[in-house]
Amino acid sequence: MGRPPSNGGPSFRFNSDEVAQMEAILQAHNVAIPDREVMLALAEKFSDSLDRKDKFIVQMKQTLCNVALASRISAYKVKEEEEEVIMKKKRKYEEEVLKRKEGPPLLGGRSMI
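Residues numbered from 1 in each chain as written. Predicted model: local features only at pLDDT ≥ 70, side-chain atom pairs only at ≥ 80, totals over all residues. Heavy atoms only, no water.

### Points about the nonpolar core
By size, the foremost hydrophobic cluster in this structure holds twelve residues: Phe-14, Met-22, Ile-25, Leu-26, Met-39, Leu-42, Ala-43, Phe-46, Val-58, Met-60, Val-67 and Ala-70. Of all the elements in the fold, those that place two or more residues in this core are helix 1 (16-28), helix 2 (36-47) and helix 3 (60-102). Here the element with the most residues in this core is helix 2; it accounts for four residues. In this structure Met-60 touches Arg-36, Met-39, Leu-40 and Ala-43, once residues within four positions along its chain are discounted. (Core = buried A, V, L, I, M, F, W, Y, C linked by side-chain atoms within 4.5 Å. Buried < 20%, exposed > 50% of the residue type's maximum accessible area, 1.4 Å probe, protein only. Helix = DSSP H or I, 4+ residues; strand = E, 2+ residues; numbered from the N terminus. Contact = heavy atoms within 4.5 Å.)

Okay, here's the thing in structure tokens:
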């Protein structure tokens, strides 16, 4: 959340501990967006932190946007990993096919088969 708010108020960034908490919640919900109550509680918790108390109020939509972004990133990483596994299997299969096409070794110009 790096850009300043449109209402001209002060901006803030989530610190590393808060990001870690949001990622933990995301993992606990199997990379799905948690319920509204969870997001509201998280926003209230972040608003009451020592760095922000009486300075900033973290809105639920700010935590929701951050968690949603993390969810998309996690899903993308999982997809990349799955695609890499598929590509490895495909390469292995292609290598086996090439070996079979080469056929068995020849003995005196004749196949051993």
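Having seen it, we continue.
### Side note on helix 1
Between its terminal C-alpha atoms helix 1 stretches 18 Å, which fits the 18 Å expected from 13 residues at 1.5 Å a residue. Three or more residues of helix 1 are buried, namely Glu-18, Met-22, Ile-25 and Leu-26. Take helix 1 and look down its axis: the buried residues cluster within an arc of 100°, on one side only. Residues of helix 1 that are exposed and point over 90 degrees away from its buried face: Ser-16, Asp-17 and Ala-28. After helix 1 finishes, the residue Asn-30 shows a positive phi value of roughly 55°. (Expected span 1.5 Å × (residues − 1). Arc of directions from axis to C-beta.)

### Quick notes on the packing of helix 1 against helix 2
Two elements in contact, helix 1 and helix 2, have axes whose closest approach is 12 Å; the angle formed by their N-to-C orientations is 165°. Accordingly, the angle class assigned to the pair helix 1 and helix 2 is roughly antiparallel. For the crossing formed where helix 1 meets helix 2, the hand is right-handed. The residues of helix 2 that touch helix 1, namely those facing Glu-18, Gln-21, Met-22 and Ile-25, are Val-38, Leu-42, Lys-45 and Phe-46. Taken together, the residues that form the contact of helix 1 with helix 2 break down as five nonpolar, one polar and two charged. (Axes fitted to C-alpha atoms, helices over the stretch in contact; angles between N-to-C directions. Parallel < 35°, antiparallel > 145°, perpendicular 65-115°, else oblique. Left-handed = near helix turned anticlockwise from the far one by under 90°. Nonpolar A, V, L, I, M, F, W, Y, C, P; charged D, E, K, R; others polar.)

### Some details on the pattern of salt bridges
Note on pairing: side chains with opposite charge can pair once their charged atoms come close. The full count for this structure, using the stated rule, is one salt bridge. Of the charged contacts in the structure, one is a salt bridge between Glu-84 and Arg-91, with a shortest N-O distance of 3.8 Å. (Salt bridge = Lys/Arg side-chain N within 4 Å of Asp/Glu carboxyl O.)

### Considering a negative patch on the surface
There is a patch of like negative charges on the surface, built from Glu-80, Glu-81, Glu-82 and Glu-83. Within the fold, Glu-82 resides in helix 3. Judged by its relative accessible area of 48%, Glu-82 falls in the partly exposed class. (Patch = residues over 30% accessible without salt bridge, like charges linked within 9 Å, V, L, I, M, F, W, Y side chains within 5 Å. Areas by Shrake-Rupley, 256 points an atom, 1.4 Å probe, with all protein chains shown as cover. Lys, Arg positive; Asp, Glu negative; His and termini not counted. Charge placed at Lys NZ, Arg CZ, Asp CG, Glu CD.)

The values are spatial; any link to function lies outside them.
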